[in-house]
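Here are the chains, one letter per residue:
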Amino acid sequence: MHIVFFQTEDTSTQVIKLRWCPYFKMLAKMEENNQWREAGLKRKYPEDRARMRGEVSGRGGACERGEDEGRNRGREAGERGEDGEGKRGGAGGRGGGEGGGAKKRLDALSVGYFRRVGERLSEGFTEDEEKVLFVENVLTEVKGQAALVAMDVTGSVTLQRLLPLASPGQVGEVLAELGGESGSDFKTVSCDKCGGHVLESALRQMPRWREKSSSEEEKTATTEGDSETEEGDCGILEAQVLSLCHVVMEHCAEFIRHTHGSHVARTLIHVLAGCLGPARTDTARPGVKDRNVTTQLTYFEAPTSFWWELKTLSTSLMDNVNVCVTDAVASTVFQTMLTVCHRNRPKLCKLLTKGIVEYLTSLSSAPGVSPLLVFLKDQASSRLIEIVLQLSHKALLRDLYKNHLKGQLVTLAIHPIANFPIQRLTAASTNYKVFLKVFDELAEGLEAILAAGHMGVIVQLTDSCAEREEKQGEMMQRLLNAFHCAEPASRHTACLPLFLSLLTHEVYYSSEAVEGNTQTERPLSSICYHGSRLVQSLAKFKDRSLLLNSLRSLTPADHLTLGTDQSGSHVLQLLVTSSSDKGRGKILRRLEGQYVQMACSRYGSRVLEAVWNSATVPQRQSIAKELVPCETQLRSGQFSRHVWAKFALTHFVKRRAQWQEVQTGESKKRKLFSDILE
């Protein structure tokens, strides 16, 4: 397709015009539609058409548009039969601002400008000087309309990417404009779906508050005036963070309950405590939810003033503890406060956890029933109680169990919501005497918990027993009874498949349990995630003879199934690598003839690499001898080619003596390192 441009000249305006083919007319129309959409205007309104013509000639149209945009939005709402508040309503909606006016928006040219800024940021900078000039120029354009830019979709994204490149002083100036003279505008920006992200990004630059001054201290040619300027830049950022903190404390209940404002409050708490968690974009993993994942925090030296503000903010949260307990959004803010204080301010954390428990237990409930039991079954408050239990000290845990939870653990463990706090209680009490009472009570209802499908409770109880040797034997016996493989003793060899599948002996082998019967042969199947977790916990027990005997009783095909399964591969890897050289050799003999298939599997190849790293030199030679004849297949496989390279099998074929010497050296190094770690 040939595209031809025709150039003509308008003698009256001396402007070069372009006449283009229909394809470019279509592109121009699309760009024009985007400008109308971004400006929030409608072609059917004469005022909007006049305003759009004003925007095309310059940026002055933005001010004119704000005067009667509310009238247009109100007219649209009337046509739709609404109340003039827009689709979503509230401050974050398209219309219906205070007093019936519409929310001001950036004009189309400004939106286009910030889109181009974002594209330039994606390209990167080759020189620091170029980057500094670029940031300074863009922030000059932002000045005077920072709030509008921050609350615009395109402008918000651009500012979030620009602030990490700005100096602390420049970030402080942006915050100063967002907050206004008194800082009261912080609330409006924080509770906006776009502006909240910008404030979070600005707060996350606080670790660099001393960056400039510390780097200049290394330079000998620094003037006194420059130092004073840098100190002022650092002070601006600190002062604005404190100003935001005061606004949050003044409107604490509104901030912590607001969807977007609560995120700003949580980031502020992190900054005041001198730490930062991962950005929200780094943790956005749709479909992934794990309560046991611990957020990794990065710590920095915060200004002294922040420590006092953190305590004051915690007092404000305690004043609104009734909101934090009942509201799911507000609860997350208090959880953040407890988490950050646990490491940096342990005494403050102790006071907060004690205060929450006192509030919850002071409320009225049915006679003879602790009010804490009601909150444990509530979805919003149970998450806060989880954190309280996780961070509680010994005396508080003992008091909670003795006065509120004793005799109720099994009932709570089979509840769809309350079972999660019970998991935290079990984990938190592992190293205390109260765990023995918790274990005895939960062990009595082990089969009921298993029937309810709440394997998290059982896995956590097993994990805790791995650290308490005196309860390991009883835990194993309870599990054998629960899976109906305790009697007769011949059923013990079937425990591993039963644990992995979480099925009782009768269900797994599809036969009636009759004393003296031996199970029929059945290939290993139905391996599940929680079953794998259970066996991994049991593998940490001091006596693992039942698991190892059951593993050795499996057929080679079952070993291959276990090693190539997504969940089962972790079990086989742990059992092999944690065994002695003699025990490992017995398991490897059962795997002979399966190495090639394992090497070609996504999960089996990882198991094989772990086995290789823990194996002795003779065991490695045995594995290599089986793999070498299939060189072509291994080198062409997606996963097996990595096995071929890491095992250095090419050298095994051509220079076996040298290969053996290298493997012996590596084996000695690994043994030395393991001895040091032990």
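Fair warning: this is a prediction, and the values are worked out from it, not measured in the lab.

Novice: Whenever I open this one, the packing of aromatic side chains confuses me. Can you help?
Specialist: Within a pair of aromatic rings, the relevant descriptors are the distance that separates the centres and the angle that separates the planes. Enumeration according to the criterion identifies eight aromatic pairs in this entry. Note on tryptophan 612 and phenylalanine 647: the rings are 3.9 Å apart at their centroids and 10 degrees apart in plane angle, and the pair reads as stacked. One end of the pair, tryptophan 612, is in helix H36 (residues 602-614); the other, phenylalanine 647, is in the loop between helix H39 (640-646) and helix H40 (649-654), and 35 residues separate them in sequence. When its relative accessible area of 3% is taken as the criterion, tryptophan 612 is described as buried.

Novice: Mind showing me how you'd approach the side chain of serine 550 here?
Specialist: Examined against the element boundaries, serine 550 turns out to sit in helix H31 (residues 545-552). Each residue touching serine 550, except ones within four places of it in the same chain, is listed here: His492, Thr493, Ala494, Cys495, Leu496 and Pro497.

Novice: What's the story with the packing of helix H17 (residues 328-344) against helix H20 (residues 379-391) in this structure? I'm lost.
Specialist: Two numbers describe a pair of packed helices, the interaxial angle and the distance between the axes. Relative to each other, H17 and H20 sit at 10 degrees, their axes nearing to 8 Å. When the axis of H17 is compared with that of H20, the two are roughly parallel. Here H17 contributes Ala328, Ser331, Phe334, Gln335, Leu338, Thr339 and His342 to the contact with H20, which in turn contributes Ala380, Arg383, Leu384, Ile387, Val388 and Leu391. Class assignment for the residues of the contact of H17 with H20 results in eight nonpolar, four polar and one charged.

Novice: Explanation requested: the packing of helix H24 (residues 434-444) against helix H27 (residues 472-482) in the structure shown.
Specialist: Contact geometry for H24 and H27: axes closest at 11 Å, N-to-C directions at 10 degrees. In terms of axis orientation, H24 runs roughly parallel to H27. You can see that H24 and H27 cross each other, and the crossing is left-handed. Here Phe439, Asp440, Ala443 and Glu444 of H24 lie close against H27, whose contacting residues are Glu474, Met475 and Arg478. Residues of the contact of H24 with H27, tallied by class, amount to three nonpolar, no polar and four charged.

Novice: I would appreciate a short explanation of H27 in the present structure.
Specialist: An α-helical turn contains 3.6 residues, so a residue and the one three or four places further along point in the same direction. When H27 is considered as a whole, its buried residues turn out to be Gln472, Met475, Met476, Leu479, Leu480 and Ala482. Summarising the axial view, the buried residues of H27 lie within an arc of 165 degrees, below the 170-degree limit, and thus occupy one face. Looking at the buried positions of H27, the neighbouring elements they touch are H24, helix H25 (446-452), helix H26 (455-467), helix H28 (495-501), helix H30 (529-538) and H31. Backbone geometry just after H27 places histidine 484 at a positive phi near 60 degrees.

Novice: Please explain a positive patch on the surface as it appears in this structure.
Specialist: On the surface, Lys394, Arg398, Lys402, Lys406, Lys433 and Lys437 cluster together into a positively charged patch. When residues in the positive patch are grouped by element, the largest group, three residues, is from helix H21 (residues 394-405). Looking at where lysine 406 falls in the secondary structure, it is placed in the loop between H21 and helix H22 (409-413).

Novice: Sorry if this is basic, but what is going on with the UniProt feature "repeat: Pumilio" (unreviewed entry) in the protein here?
Specialist: In the numbering adopted here, UniProt assigns the feature "repeat: Pumilio" (unreviewed entry) to residues 553-589 and 590-625. Along residues 553-589 the backbone is 76% helical and 0% strand, and the end-to-end C-alpha distance reaches 12 Å. Across residues 590-625 one finds 81% helix and 0% strand; the C-alpha atoms that close the span lie 16 Å apart.

Novice: When you look at H30 in this model, what are you seeing that I'm missing?
Specialist: By the burial criterion, the buried members of H30 are Gly531, Ser532, Leu534, Val535, Ser537 and Leu538. Where H30 is buried, its residues touch H26, H27, H28, H31 and helix H33 (568-577).

Reading the values: the criteria
Residues numbered from 1 in each chain as written. Predicted model: local features only at pLDDT ≥ 70, side-chain atom pairs only at ≥ 80, totals over all residues. Heavy atoms only, no water. Phe/Tyr/Trp six-rings, centres within 6.5 Å; stacked < 30°, edge-to-face > 60°. Helix = DSSP H or I, 4+ residues; strand = E, 2+ residues; numbered from the N terminus. Buried < 20%, exposed > 50% of the residue type's maximum accessible area, 1.4 Å probe, protein only. Contact = heavy atoms within 4.5 Å. Axes fitted to C-alpha atoms, helices over the stretch in contact; angles between N-to-C directions. Parallel < 35°, antiparallel > 145°, perpendicular 65-115°, else oblique. Nonpolar A, V, L, I, M, F, W, Y, C, P; charged D, E, K, R; others polar. Left-handed = near helix turned anticlockwise from the far one by under 90°. Arc of directions from axis to C-beta. Patch = residues over 30% accessible without salt bridge, like charges linked within 9 Å, V, L, I, M, F, W, Y side chains within 5 Å. Areas by Shrake-Rupley, 256 points an atom, 1.4 Å probe, with all protein chains shown as cover. Salt bridge = Lys/Arg side-chain N within 4 Å of Asp/Glu carboxyl O. Lys, Arg positive; Asp, Glu negative; His and termini not counted. Charge placed at Lys NZ, Arg CZ, Asp CG, Glu CD. UniProt positions renumbered as here; feature names shortened; annotations may be inferred.

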